[in-house]
Amino acid sequence: FEMRSFASGVSKKHWRFDVQSLPDNHWISVSRGPPTEAIDALGGFRRTFAREMLMPDEIEIQLARPEVRFEFKQIIDLLPRDRREAYLAAAS
């Protein structure tokens, strides 16, 4: 479903929110918006940005991009292939 963002009663038009249901009545929400509007009290999140400034047309392209469905992964799926055998050995 679609959501809108408001700040101090003003609609924030360059934001998009995608909400997906997960098993057992859990939900995940992903938001996209201008990097310059990200609130990051400690600064760690903004340091991960490839670019902090996007042109308005670049923002619109990103907002129009369909959201990828959430995909569950096992811990082993996150490990480098050369470390998986050692993980399986340690887990047994």
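In short, a report on the structure. On a predicted model such as this, the values are computed, not experimentally measured, just so you know. (Residues numbered from 1 in each chain as written. Predicted model: local features only at pLDDT ≥ 70, side-chain atom pairs only at ≥ 80, totals over all residues. Heavy atoms only, no water.)

Description of the overall build of the chain
Thought 1: Scanning the chain for helices and strands turns up three helices and four strands.
Thought 2: Taken from the N to the C terminus, the helices and strands of the chain come in the order β-β-β-β-α-α-α.
Thought 3: Scaling as 2.2 N^0.38, a compact globule of 92 residues should have a C-alpha radius of gyration of about 12 Å, whereas the chain reaches 18 Å, well beyond that.
Thought 4: With the principal axes as the frame, the chain shows a C-alpha extent of 55 × 30 × 25 Å.
Thought 5: Per-residue burial for the chain yields a buried fraction of 13% across its 92 residues.
Thought 6: By sequence separation, contacts in the chain at least 24 residues apart represent 35% of the contacts at least 6 residues apart.
Thought 7: Working note: accessible area of the chain is about 7,900 Å², and carbon and sulfur atoms make up 57% of it.
Thought 8: Here the chain contributes 14 positive and 14 negative side-chain charges, whose respective centroids are spaced 2 Å apart. (Helix = DSSP H or I, 4+ residues; strand = E, 2+ residues; numbered from the N terminus. Rg over C-alpha atoms; globule rule 2.2 N^0.38 Å. Buried < 20%, exposed > 50% of the residue type's maximum accessible area, 1.4 Å probe, protein only. Contact = heavy atoms within 4.5 Å. Areas by Shrake-Rupley, 256 points an atom, 1.4 Å probe, with all protein chains shown as cover. Lys, Arg positive; Asp, Glu negative; His and termini not counted. Charge placed at Lys NZ, Arg CZ, Asp CG, Glu CD.)

Describing the environment of A90
Thought 1: Within the secondary structure, A90 is located in helix α3 (residues 84-91).
Thought 2: Along the backbone, A90 and I28 are 62 residues apart, and their C-alpha atoms lie at a distance of 31 Å.

Side note on a nonpolar patch on the surface
Thought 1: On the surface, I75, Y87 and L88 cluster together into a nonpolar patch covering about 280 Å² of accessible area.
Thought 2: In this fold, L88 is placed in helix α3.
Thought 3: Residue classification places L88 among the partly exposed positions, given a relative accessible area of 49%. (Patch = residues over 30% accessible without salt bridge, like charges linked within 9 Å, V, L, I, M, F, W, Y side chains within 5 Å. Salt bridge = Lys/Arg side-chain N within 4 Å of Asp/Glu carboxyl O.)

Observations concerning the layout of surface pockets
Thought 1: Within this model, the largest pocket holds a volume of roughly 360 Å³.
Thought 2: Surrounding the largest pocket, 17 residues form its lining, S31, R32, G33, P34 and P35 being those nearest its centre.
Thought 3: Counting residues per element, the ones that place at least two in the lining of the largest pocket are β4 (26-32) and α1 (56-64).
Thought 4: Among the elements that line the lining of the largest pocket, the one with the most residues is α1, at three residues.
Thought 5: Looking at the lining of the largest pocket, its residues break down into 11 nonpolar, three polar and three charged. (1 Å grid on protein atoms, 1.4 Å probe; cavity = no way out; pocket = protein on both sides within 12 Å on 5 of 7 lines; lining within 4 Å. Points joined across faces, edges and corners; volume = space filled by probe spheres on them. Nonpolar A, V, L, I, M, F, W, Y, C, P; charged D, E, K, R; others polar.)

With respect to the environment of P80
Thought 1: Relative to the helices and strands, P80 is located in the loop between α2 (75-78) and α3.
Thought 2: When its relative accessible area of 47% is taken as the criterion, P80 is described as partly exposed.
Thought 3: A C-alpha to C-alpha distance of 35 Å links P80 and E60, two positions 20 residues apart in sequence.

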